[in-house]
Amino acid sequence: MSSFDDMDAFEGASLSARAMAARPAPYLDDLNEAQRAAVEQLDGPVLMLAGAGTGKTKALTARIVHLLVSGRARPNEILSVTFTNKAAREMKTRVGRMLGQQIEGMPWLGTFHAICVKLLRRHAELVGLKSNFTILDTDDQLRLLKQLIAANNIDEKRWPARQLLGLIDQWKNRAWVPSKVPASEASAYNHRGTELYEQYQARLRELNACDFGDLLLHMVTIFQAHPDVLEQYQRWFRYILVDEYQDTNVAQYLWLRLLAGGHKNICCVGDDDQSIYGWRGAEVGNILRFEKDFPGAHVVRLEQNYRSTAHILAAASGVIRGNEGRLGKELWTEAEGGEKVRLIGHWDGEEEARWIGEEIESLQKGTRGIDPHSLDDMAILVRASHQMRAFEDRFLTIGLPYRVIGGPRFYERLEIRDAMAYFRLVVSPEDDLAFERIVNTPKRGLGDKAQQTIQATAREFGVTLLEGARIAIDEDRIRGKGGGQLRMLCENLARWGRMTGDKDVTHMELAEIILDESGYTTMWQNDKTPEAPGRLENLKELVKALEGFENLQGFLEHVALIMDNETEESGAKVSIMTLHAAKGLEFPVVFLPGWEDGLFPSQRSMDESGLKGLEEERRLAYVGITRAEELCTISFAGNRRVFGQWQSALPSRFIDELPEAHVEVLTPPGLYGGGYGAAAAYGGGSGIETRAAEANVYNSPGWKRLQQRSSQRPVSQPRESRTQVIDLEAVSAFEMGQRVFHQKFGYGAITGIEGDKLEIAFEKAGTKKVVARFVHAEDDVPF
DNA sequence: GCATCTAAAGCGATG
DNA sequence: CTTTAGATGC
C-alpha cells in the first residue's frame, strides 16, 4: 500500500491561508441571513435544508471559501461530494470565481464515485483487487451476468439477466455484501439471487474489475474492517460537505457517517421535497434522520426563493403540501406580480404538441405583455422519455430548433464503448470483456463457433482470451477467412501495445491509428443508416477528449466517471428533457405536458411503491413547477397513443392540488371547457373544488363527448401555424423524386412538395412531411 | 457465418 | 408504434 503522504491529492494543494485571510470577504456580504448562518456555522454537524431556487449552490460555495479563508482547512482537506459531474464542475468554477483566483487543488471535490475510485485505487488490495482495476459499465455487467446465468443452467427467458442486475444493484445500494444479504431476500431470482451475487463478485475479482456499486461498497467494507485506514481519512478530511443529501443511498450514507465519525464536521445540503430517486436506492430517510444521527446538529432552512414568481411558488407549495412526513419548508419571495400558472387541456397528445409549438413561437416574438424570449429560455419537461417523440415530430415539421437533454450519455453509446474496448485491450491485454466485445466488430468472419474455439483454447491453457486466440491460430484451430483476420487483429493489438511506449506517437495519434487500422472507422463510413455520421462525429469527439490526459491508460482510468454528454451546439434551441434530468436547472418559461393520471403520476411507480411512489411523483411535480422562473404552463391530453394504442386518460390528480387562486385556466378554441380534473374520482382537493370539478368536467358536454370518443381514433385537426415562416428558397432546391437525406429519418425520395414542406418517403421511417431546410440532397450530406 | 425476418417488450436515470 | 434480441433460413 502506498504511503499516505505519497498521494498526489494530498500534496501541492495548499493555498496560503494567510494570503487569503488578508483579502476582504465579499462572499459573505451578499448572502441573506439564513445563507449566512449556514456558511458561518463551520464546526459540528449542519443540515442545510435548501428549497428550490434558494441559493443553495451559492451558500455551499461560500462555505468552502469561508473554510479556506478562515484557515480552518486547506483545499485538499475538504471533502466535498456531489452527485453529478456537472454539479462538481460548477462548484469548482464558482469557488474559483469567489476566491478571485483559480484554485488547482480541490482534489476531493467530486462525485461519490469519482472520489471512491481515487480512494479505492490506493487500497484495492484490501478487497482483493489490484489498483489498476477496471470499472465495468452496465453493458459489461449484463454480459457477465448472462454468462453466469448460462453456466448455472438457468433459463434466461424466465429469469432475465436484467432482473438479476437490478437486484444486485439494489443490494449494493443498501451496502449488503453477499454474506450480508438478509434471509428475507432469499426467494429473489428464483431463490438463487444471493448465490449468483456471490459468483458475480468472485468473477469480478478474477477479472480485476468492479462495477459502480462496488466503488462505494468496497470502501465501506474497507473502512469497517480496517479502522486504521478509516482513522487516517477521518483525520485528513477535516470538513465534509454533501450536496443533494436527499439522494444518498444507504451505502453512501454509511460511507459518510464513517468518515465524519471523528470530528463530525459534516454539512449536508438537501431538500426532502426534491427527493426523486427513490427507485434508484435513494433513502429520503437519510435526510429525515439527520438530527438523530448527529445529535446537536444545526438545522438551517433556506426558504427565500430568488427564482420564481409568487404564483409559481404558490402552485408548487399547493402540490407538495399533499405529502406526509416532510421536514417542512415554505418558499417565499419578495418578487411581485407575474403570470399565474397556466393550465390547459387538449384533445390528444399531438394537439398538445402543436399548441405548445405555437405557444413557443409566439413567446419568441413576445405576446400579451410578455417580453420576447430566446428559445434557450424555454423548456419542455416530460415525465417519461417516450413523450418526447410527439414534440420532436412536431418541431421538425414546423422547423423549430430543439435540443434533447439526457438521452444516452456519451460514453454509453455503442461506438464509444466499442472504441474504448479497443483502447482497453491495447492497454491491458488481459481484459477479456473488451476482447469479447470487439473480436468480431467490425465483422471479421468470427462467429459463435470461432469464438467458442477461442474460449475453449484459453480455458485449456489457462490464459486470457487474447492469448488463447493467438494459440488457436498457431495451432490452426481456426481456419479460413476468419483465421487470417484474427491473426491480423492479434498482431495489430500487439503492435499498438508496443506503440503505447513510443515517444514519437502521441496517444491521440495512437487512438486514431487504432480506430483506423482496426477497420472500425471504415465500418461506420460504409454504414448508410442516419446515425452513422453522428457516430463518426462522436468518435472524433472521443479522440479530442484524450487531449486532456497523459496517455491512454490515464484516460481509461477516468473516462467511465467523467464523460459527459456535452456537445455545445450553436443557435438558440428549446430544450426537451425528463423531469428527472431537469433537477437543478431553471428556465424562464417551462411547459409541463402530460399531466394525466397513469402517466403522471406514473402508474408503474404507484403499483410498485404505493403511497411512497405517489409521494415521489408528487415531489417530481414540485421539482417541475419550481424549475420555472416566469411562466409555467401545465397541460394534459384526453387521449394519448401508448405503444400504438389509443388510450384515454383523466387529468392528473396533481392538477386538483394546484391552488385555484394562482392558476389561470386556458380554453383552446373548439375544445371542451377548461376546469379542474379528477378531484371527484380521488376525493382530493377541497369540497368546493371537488364539486366544481364535477360540474365543470364530468358533466360538461365536452367531457362526455371526450369519453364517448375516447375509444375511437381521434381525427387530427389540421390547423396552420399562426407564425409559419415560409422558406420557399429552401424548397426550390428540390424536385419530385429526388433522393435526399434527413438527419433524423435517413434516406428517402421526395413524393410531394407543398409550401415550404416536402413529403418524403423514407426508406426506414415511412412517409413524413418535413420542412425543406432540414433536408439535404443526397450528394450534399454534411458528414 | 451472416442477413433477414419475427416476436416480444418497452414505461424513470447517475456514476 | 418502435426497438431489439433471438430464431430461422440461406
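Residues numbered from 1 in each chain as written. Chains lettered and ligands numbered in written order. Predicted model: local features only at pLDDT ≥ 70, side-chain atom pairs only at ≥ 80, totals over all residues. Heavy atoms only, no water.

Under the convention used in this document: UniProt positions are given in the numbering used here, feature names are shortened, and annotations may be inferred rather than shown by experiment.
Chain A is annotated in an unreviewed UniProt entry as DNA 3'-5' helicase of Salipiger profundus. In its Function (unreviewed entry) section, the UniProt record describing chain A reads: "Has both ATPase and helicase activities. Unwinds DNA duplexes with 3' to 5' polarity with respect to the bound strand and initiates unwinding most effectively when a single-stranded region is present. Involved in the post-incision events of nucleotide excision repair and methyl-directed mismatch repair." Under the heading Sequence similarities (unreviewed entry), UniProt records this for chain A: "Belongs to the helicase family. UvrD subfamily."

A word on the overall build of chain A
We count it as follows: Helix numbers and strand numbers start at the N terminus; a helix is a DSSP run of H or I with at least 4 residues, a strand a run of E with at least 2. Exposure is judged per residue with a 1.4 Å probe applied to protein chains only, and the accessible area is read against the type maximum: over 50% gives exposed, under 20% gives buried, and values in between give partly exposed. Contact between two residues is taken to exist if any of their heavy atoms lie within 4.5 Å; hydrogens are not considered. Here the open area of atoms and residues is found with the Shrake-Rupley method and a 1.4 Å probe, where only the protein chains shown may cover a residue.
In terms of regular secondary structure, chain A is built from 34 helices and 21 strands. Expressed as a percentage of its 783 residues, the buried residues of chain A come to 54%. A sequence separation of at least 24 residues applies to 73% of the contacts in chain A between residues at least 6 apart. On chain A, roughly 34,600 Å² of surface is accessible, and the fraction owed to carbon and sulfur atoms is 48%.

Section: empty space enclosed by the protein
Note the threshold: A cavity here means a set of 1 Å grid points, computed over protein atoms only, where a 1.4 Å probe fits but cannot escape. A pocket is an open set with protein on both sides within 12 Å along at least 5 of 7 lines, and lining residues have an atom within 4 Å of a point. Grid points are joined across faces, edges and corners, and a volume is the space filled by probe spheres set on the points. Put simply, Ala, Val, Leu, Ile, Met, Phe, Trp, Tyr, Cys and Pro go in the nonpolar bin, Asp, Glu, Lys and Arg in the charged bin, and everything else, Gly too, in the polar bin.
In total, this model carries 5 cavities of 30 Å³ or more according to the counting rule given. Taken as a whole, the second largest cavity encloses approximately 50 Å³ of empty space. Surrounding the second largest cavity, Leu129, Gln201, Leu204, Arg205, Ala209, Asp214 and His218 form its lining. The set of elements that each furnish at least two residues to the lining of the second largest cavity consists of helix H10 (193-206) and helix H11 (212-225). Among the elements that line the lining of the second largest cavity, the one with the most residues is H10, at 3 residues. When its residues are assigned to classes, the lining of the second largest cavity shows 3 nonpolar, 2 polar and 2 charged.

Here's the deal with the sheet that holds strand E3 (residues 109-111)
Where we set the bar: Pairing between strands is defined by DSSP: at least two bridges between the two strands are required. All axes here are fitted lines through C-alpha atoms, helices being fitted over the stretch that makes contact, and every angle between N-to-C directions spans 0 to 180 degrees.
Strand order in the open sheet formed by 6 strands is E3-E2-E6-E7-E1-E8, and the pairing between neighbours is parallel. The open sheet has two free edges, formed respectively by E3 and strand E8 (298-302), since each of these has just one partner strand. Across the sheet, the mean angle from the axis of one strand to that of its neighbour is 15°, orientation sign disregarded. Bridging between strand E1 (residues 46-50) and strand E7 (residues 266-270) involves 4 bridges; their strand directions are parallel. Along E7, the bridge assignment pairs Val46 with Cys267. Strands E1 and E8 of the sheet are contacted by helix H3 (residues 33-40), whose axis makes an angle of about 145° with E8. Packed on one face of the sheet, helix H13 (residues 250-259) meets strand E2 (78-82), strand E6 (239-242) and E7 and runs near 170° to E2.

Quick look at the packing of aromatic side chains
Cut-off, in case you're wondering: Only Phe, Tyr and Trp rings are paired, with Trp represented by its six-membered ring, and only when their centres lie within 6.5 Å; those with planes under 30 degrees apart are stacked, over 60 edge-to-face, the remainder tilted.
Applying the stated rule across the entire model yields 18 aromatic pairs. Their ring planes at 65° and their centres at 5.7 Å tell us that Phe112 and Trp255 sit as a pair that is edge-to-face. Residue Phe112 is located in helix H6 (residues 112-123), and its partner Trp255 is located in helix H13; the two are separated by 143 residues in the primary sequence. The residues Phe112 and Trp255 share a single accessibility class, namely buried. Residues Tyr277 and Trp279 carry aromatic rings whose centres are separated by 5.8 Å and whose planes lie at 55° to one another, so their mutual orientation is tilted. Taking relative accessible area as the criterion, Tyr277 reaches 13% and is therefore assigned buried. Aromatic ring contacts, followed pair by pair, group Trp108, Phe223, Tyr233 and Phe237 into a single cluster.

Things to note about the protein's contact with DNA strand C
Heads up, the condition is: We define proximity as follows: a residue is near a molecule or strand when any one of its heavy atoms falls within 4 Å of that partner.
The environment of DNA strand C is formed by Arg389, Phe643 and Gly644. Among the atoms of DNA strand C close to the protein, meaning within 4 Å, 30% are from sugar or phosphate groups.

Some points on the protein's contact with DNA strand B
Let me state the cut-off plainly: Pairs of N or O atoms are called polar contacts if they sit within 3.5 Å, as long as, within protein, a hydrogen donor faces a hydrogen acceptor (for residues adjacent in sequence, only side-chain-to-side-chain pairs).
Looking at DNA strand B, there are 28 residues lining it, with Thr84, Ala384, Gly445, Thr578 and Arg604 nearest. Sugar and phosphate atoms constitute 49% of the interface atoms of DNA strand B, taking the interface as everything within 4 Å of the protein. Here Thr111 contributes a side-chain N or O atom positioned 3.2 Å from a sugar or linking oxygen of DNA strand B. At 2.7 Å, a side-chain N or O of Arg604 approaches a base oxygen of DNA strand B. Looking at the surface near DNA strand B, the elements with two or more residues in it are helix H21 (448-461) and helix H29 (603-625).

Concerning helix H23 (residues 480-499)
Note the following rule: Any helix carries an expected span of 1.5 Å times its number of residues minus one.
An ideal rise of 1.5 Å per residue puts 28 Å on 20 residues; H23 measures up with 29 Å between its terminal C-alpha atoms. Those residues of H23 that sit buried are Gly482, Gly483, Leu486, Leu489, Cys490, Asn492, Leu493, Trp496 and Met499. Here the buried face of H23 lies against helix H19 (414-427), H21, helix H22 (465-474) and helix H24 (507-517).

So, the pairing of strand E12 (residues 574-578)
Among the 5 residues in E12, 5 count as buried, and that is most of the element. Of the two faces of E12, both are covered, the one formed by Val574, Ile576 and Thr578 as well as the one formed by Ser575 and Met577. Summarising the sheet, strand E10 (residues 378-382) and E12 pair through 4 bridges and their orientation is parallel. Paired with Ile380 across the strands is Ile576, a residue of E12.

As for unusual backbone geometry
In the segment running from Thr441 into Pro442, the intervening peptide bond is cis, with an omega of -5°. With respect to the element layout, Pro442 can be found in the loop between helix H20 (432-438) and H21. Cis geometry marks the peptide bond from Phe600 to Pro601, where omega comes out at 5°. On the secondary structure map, Pro601 appears in the loop between strand E13 (587-592) and H29. At Asn208, a residue that is not glycine, the phi angle is positive and equals roughly 50°. In this fold, Asn208 is placed in the loop between H10 and strand E5 (209-210). For Asn208, a relative accessible area of 11% translates into the label buried. Within the chain, Lys264 stands out as a residue other than glycine whose phi angle is a positive 60°. With respect to the helices and strands, Lys264 occurs in the loop between H13 and E7. According to the relative accessible area criterion, Lys264 is partly exposed, its value standing at 33%.

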